[in-house]
Amino acid sequence: MCRWICPPLLLLLLLLCEVQPQVENRVVFLPGTFQEVSVSQNETVQAVVSRIPSEVAFITLQFHTQHRNITLSYNRMPGLGLSLTAVDSGLLSALRLGEVSLSLFLSSSDVDNVAATGVILPYSSTDPVPGACNMEFNLDIDPNVYIHYNLYETTIRFAPANLGYERGGTPPVCDESTGSSTRWRLQYDIYQHFLLENDLSQRSLFSGIQAVADVRGMMENGKRVMTLSSSDKSVAVFSSIPGQGVIYSVIVRDPLLNTSASYVPVHTYACSFSSTLDSCQTLGKISTKIFFTITGLAGLFVCFFGHRFFKCELFCMGFSFVAFFFFVLITRTTDLNYDIRLVLSAVIGVVGGVLLVMSWWRFGSVMACIIVIGLMLGFLIASTVFFTPLGDLEVFRLSDAVFWVTFCCIMVLVPLFFVRWPREGNIVTCGIIGAYAVILAVNAYIYTSLSYITLNILKRFLNNNFSAAFTDVPFQTIDYVMITVWVVLGVGGIVLQLYRERSRPFFPPSPYLMWLQERERRKTNVLDPSHHFPSLPNRLLARVRQLTKRTESTGEHTPLLL
């Protein structure tokens, strides 16, 4: 009996063992509902979309991971033009008549389990179709936003959209350019959404993605930075913010039908999670931390004691002025390593600080030194002006000439204040710049957007194409704390120095000029008793001679008591 019954039972058990993994690797999605999926190496997860309403003409399925690539494909075996591998991937499926469900496939070649979050977004026949007029990327219909970043800028690209159409219908022609019913009436709104500062966690990213994945979420939680027409290039450029998570998305609108659809959002931290030297978790080189820590300590000293110790202030200002200039020069003309450039700039900055101190010591021209100090304050004020939304005005983004002329005008106007009130201007500069140096030192350890006040200008110096980048940065709790610290330190330093210096001379005199005046006075003023008083060497020589004569006359050995 067992001979006839056991083989079928064993075969049934084997079949059940083979079917069970397929059941475990099958994830059912409902439209508009997020699902978190874990994909292991060489595993394929079947994403099943069910209960699709009849009024839905097309859907997009999107998946997002933090930094590991994941492959989304139409078939179980990914193929060229039928799949996409990225950290933010999405596929668009046009539905056929009567179709109420479909399947897509998710896989990963990573050695570790990859956690992803995904969602299905349904659209009607009147909504625009994102990426339906793709002529650049691999997919026939590509709703994805492609991102590329470097040290200076982050660039996003996307394929143009097309008008919507009924299930089973024929898509409108993409290259038709006449008439009011063509895709050329479509408009593209570019949005960005900042994640929490100093938060590189996966939970923060998934929460942000879920908040802005669809049209309504992005419009409520994101910031629209620009709008492109169908005749514009589908490209947008932003300033890179290493270590800060940013989500970018594109919403295509049909003004005639008042409908819209969302591209697949894409995110970046403008840094690498896999780098062993300078990853997102260890962002900030040791040399940078050392440099800005010393800068912060010097800035704290200048903030409260700069005017009192005028030579130290001159050295710090000369160092900053020359080091910044030569860092730009060395970076633009050489391919040296970052640490070498930083060390060379610091060494040359020391020389610049010494030269500024020596010029004041030798020539005593306080006004010339004050002009240099005023230009430093003017640079910071001009940088702050362009850090505001004024810096993103189209006239400054499209024309470098307009930007730099305006910047230099603001920078040069500030020293004019110093001509009338040199001491007050110098003390104000000590307070503002010294306090900002403390902010830069804090930024070396804890990210704050205030560092981009000057960093955006440095990027524009170093990169010829940076003018086209939007320089928006997140402004969150840490930034308001740093603004408070800047204001408290700056005002405290200014008030303290004004109070302490109220009864003292405006500026200390030049030591060299004082020595020259003393020498001339002694030469010309014969009525001055000190004019007839022997100098110290002559007094020492006379004392030696006197003791020598006394010793010779008495024969005693007397010690030389000077």
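Residues numbered from 1 in each chain as written. Predicted model: local features only at pLDDT ≥ 70, side-chain atom pairs only at ≥ 80, totals over all residues. Heavy atoms only, no water.

1. Remarks on the overall build of the protein
Move 1: What the protein contains, in helices and strands, is 14 helices and 17 strands.
Move 2: Of all 562 residues assigned to the protein, the portion counted as buried reaches 45%.
Move 3: Long-range pairs, those at least 24 residues apart, make up 75% of the contacts in the protein between residues at least 6 apart in sequence.
Move 4: Of the roughly 29300 Å² of accessible surface on the protein, 64% is carried by carbon and sulfur atoms. (Helix = DSSP H or I, 4+ residues; strand = E, 2+ residues; numbered from the N terminus. Buried < 20%, exposed > 50% of the residue type's maximum accessible area, 1.4 Å probe, protein only. Contact = heavy atoms within 4.5 Å. Areas by Shrake-Rupley, 256 points an atom, 1.4 Å probe, with all protein chains shown as cover.)

2. Some points on the sheet that holds strand 8 (residues 102-108)
Move 1: Strand order in this open sheet of five strands is 1-3-8-5-6, and the pairing throughout is mixed. The sheet is open, and its two edges are formed by strand 1 (26-29) and strand 6 (83-86), each paired on a single side. Geometrically, the sheet is characterised by an average inter-axis angle of 25 degrees between neighbouring strands, direction not taken into account.
Move 2: Sheet topology places strand 5 (residues 70-73) next to strand 8; three bridges connect them, and they run antiparallel. Across the sheet, residue T71 finds its bridge partner in strand 8, namely S107. (Pairing = 2+ DSSP bridges. Axes fitted to C-alpha atoms, helices over the stretch in contact; angles between N-to-C directions.)

3. Description of the pairing of strand 16 (residues 259-262)
As a general feature of sheets, a regular strand has side chains that alternate between the two faces.
Move 1: Bridging between strand 15 (residues 246-254) and strand 16 involves four bridges; their strand directions are antiparallel. Looking at strand 16, one finds that R253 is bridged to S260.
Move 2: Between the end of strand 15 and the start of strand 16, which pair antiparallel, lie four residues, with N258 showing a positive phi angle near 60 degrees.

4. What to know about the environment of P160
Move 1: Summarising the element assignment, P160 is placed in the loop between strand 11 (153-158) and strand 12 (187-194).
Move 2: Taking C-alpha positions, P160 is 9.8 Å from E136, a pair spaced 24 residues apart along the chain.
Move 3: Contacts of P160, omitting those with residues within four sequence positions, involve G131, A132, C133, N134, R183, Y188 and Y263.

5. Focus on the confidence of the model for the protein
Move 1: Model confidence for the protein is summarised by a mean pLDDT of 82, while 83% of its residues fall at 70 or above.
Move 2: Averaged pLDDT values for the elements of the protein fall to 41 in helix 1 (residues 2-24) and rise to 95 in strand 15.
Move 3: Per-residue pLDDT stays below 50 along residues 4-24; that stretch engages in one contact with residues further than four places along the chain or on separate chains. (pLDDT = per-residue confidence, 0-100.)

6. Topic: empty space enclosed by the protein
A water-sized probe, rolled over the atoms, reveals where empty space remains.
Move 1: Applying the stated rule across the entire model yields three cavities of 30 Å³ or more.
Move 2: By volume, the largest cavity amounts to about 120 Å³.
Move 3: F386, F403, N456, R460 and T471 are, among the 13 residues lining the largest cavity, the residues nearest its centre.
Move 4: Tallied by class, the residues present in the lining of the largest cavity amount to seven nonpolar, five polar and one charged. (1 Å grid on protein atoms, 1.4 Å probe; cavity = no way out; pocket = protein on both sides within 12 Å on 5 of 7 lines; lining within 4 Å. Points joined across faces, edges and corners; volume = space filled by probe spheres on them. Nonpolar A, V, L, I, M, F, W, Y, C, P; charged D, E, K, R; others polar.)

7. Regarding the state of the cysteines
Move 1: A complete count under the given rule lists two disulfides for this structure.
Move 2: Across the disulfide, C133 is cross-linked to C174 (sulfur-sulfur distance 2.1 Å). Sign of the S-S torsion, about -90 degrees for the bond between C133 and C174, identifies this disulfide as left-handed. With C133 in the loop between strand 9 (114-123) and strand 10 (145-149) and C174 in the loop between strand 11 and strand 12, this pair connects stretches of sequence that are 41 residues apart.
Move 3: Of the residues examined, C174 reaches a relative accessible area of 23% and is grouped as partly exposed.
Move 4: Through a disulfide, C271 is tied to C280; the S-S separation comes to 1.9 Å. Here C271 and C280 share a disulfide; its torsion about the S-S bond, 115 degrees, makes the bridge right-handed.
Move 5: In this model C430 remains outside any disulfide bridge; the closest cysteine sulfur is found in C303, 8.3 Å from its own. (Disulfide = S-S within 2.5 Å.)

8. Some points on helix 6 (residues 338-363)
Move 1: For helix 6, which comprises 26 residues, the first-to-last C-alpha distance of 37 Å matches the rise-based estimate of 38 Å (1.5 Å per residue) to within 8%.
Move 2: For helix 6, the set of buried residues is R341, L342, S345, A346, G349, G352, G353, L356, V357 and W360.
Move 3: If you check the start of helix 6, you find a side-chain oxygen 2.8 Å away from the backbone N of D339, and it comes from N337. (Expected span 1.5 Å × (residues − 1). Polar contact = N/O pair within 3.5 Å; in protein donor to acceptor, adjacent residues only side chain to side chain.)

9. Observations concerning the packing of helix 4 (residues 286-305) against helix 10 (residues 422-443)
Move 1: It is at 7 Å that the axes of helix 4 and helix 10 come closest, and there the two elements cross at 155 degrees. If you check the angle between helix 4 and helix 10, you find them roughly antiparallel. Classified by chirality, the crossing of helix 10 by helix 4 is left-handed. Contact with helix 4, carried on its side by F292, T293, T295, G296, G299, L300, V302 and C303, involves C430, G431, G434, A435, A437, V438, L440 and A441 of helix 10 and no other residues of that element.
Move 2: The residue inventory of the contact of helix 4 with helix 10, partitioned by class, reads ten nonpolar, six polar and no charged. (Parallel < 35°, antiparallel > 145°, perpendicular 65-115°, else oblique. Left-handed = near helix turned anticlockwise from the far one by under 90°.)

10. Remarks on the layout of surface pockets
Move 1: For the second largest pocket, the calculated volume is near 410 Å³.
Move 2: Along the walls of the second largest pocket sit 23 residues, with V87, I147, Y149, H267 and T268 positioned nearest its centre.
Move 3: Among the secondary structure elements, those contributing two or more residues to the lining of the second largest pocket are strand 6, strand 10 and strand 17 (266-268).
Move 4: No other element matches the five residues that strand 10 contributes to the lining of the second largest pocket.
Move 5: Partitioned by chemical class, the residues of the lining of the second largest pocket number twelve nonpolar, nine polar and two charged.

11. Focus on the nonpolar core
Nonpolar side chains tend to gather and get buried jointly when the protein is soluble and globular.
Move 1: By size, the foremost hydrophobic cluster in this structure holds 67 residues, and its most contacted members are F158, Y188, I190, F238, Y263, L314 and W486.
Move 2: Those residues in contact with Y188 that sit more than four places away from it in its chain are F158, P160, A161, M226, T227, L228, S229, S230, V250, I251, V252 and Y263.
Move 3: With 24 residues, the next largest nonpolar core counts V39, L72, L104 and L139 among its residues. (Core = buried A, V, L, I, M, F, W, Y, C linked by side-chain atoms within 4.5 Å.)

12. Some details on the side chain of D189
Move 1: By the element assignment, D189 lies in strand 12.
Move 2: At a separation of 2.8 Å, a polar atom in the side chain of D189 contacts the side chain of T227.
Move 3: For D189, the contacting residues outside a window of four places in its chain are R224, M226, T227, S249, V250, I251 and R253.

13. A few points about the packing of aromatic side chains
Move 1: Counted according to the given criterion, the structure contains 28 aromatic pairs.
Move 2: On the basis of an interplanar angle of 35 degrees and a centroid distance of 5.7 Å, the ring pair of F301 and F305 is categorised as tilted. With F301 and F305 both in helix 4, this residue pair falls four residues apart, about one helical turn.
Move 3: Between F324 and F461, the aromatic rings sit 5.9 Å apart at their centres with planes inclined by 75 degrees, giving edge-to-face as the arrangement. In this pair, F324 sits in helix 5 (residues 310-333) while F461 sits in helix 11 (residues 452-462), placing the two residues 137 residues apart along the sequence.
Move 4: The class of F324 is partly exposed, set by a relative accessible area of 28%.
Move 5: Each residue in the set F324, F379, F386, F396, F403, W404, F407 and F461 is aromatic and connected to the rest through ring pairs, giving one cluster.
Move 6: Directly above the aromatic system of W184 lies the positively charged group of R183, at a separation of 4.1 Å from the ring centroid.
Move 7: In this structure, R460 is placed above the aromatic ring of F403, and the distance from its NZ or CZ to the ring centre is 3.7 Å. (Phe/Tyr/Trp six-rings, centres within 6.5 Å; stacked < 30°, edge-to-face > 60°. Lys NZ or Arg CZ within 6 Å of the ring centre and 35° of its normal.)

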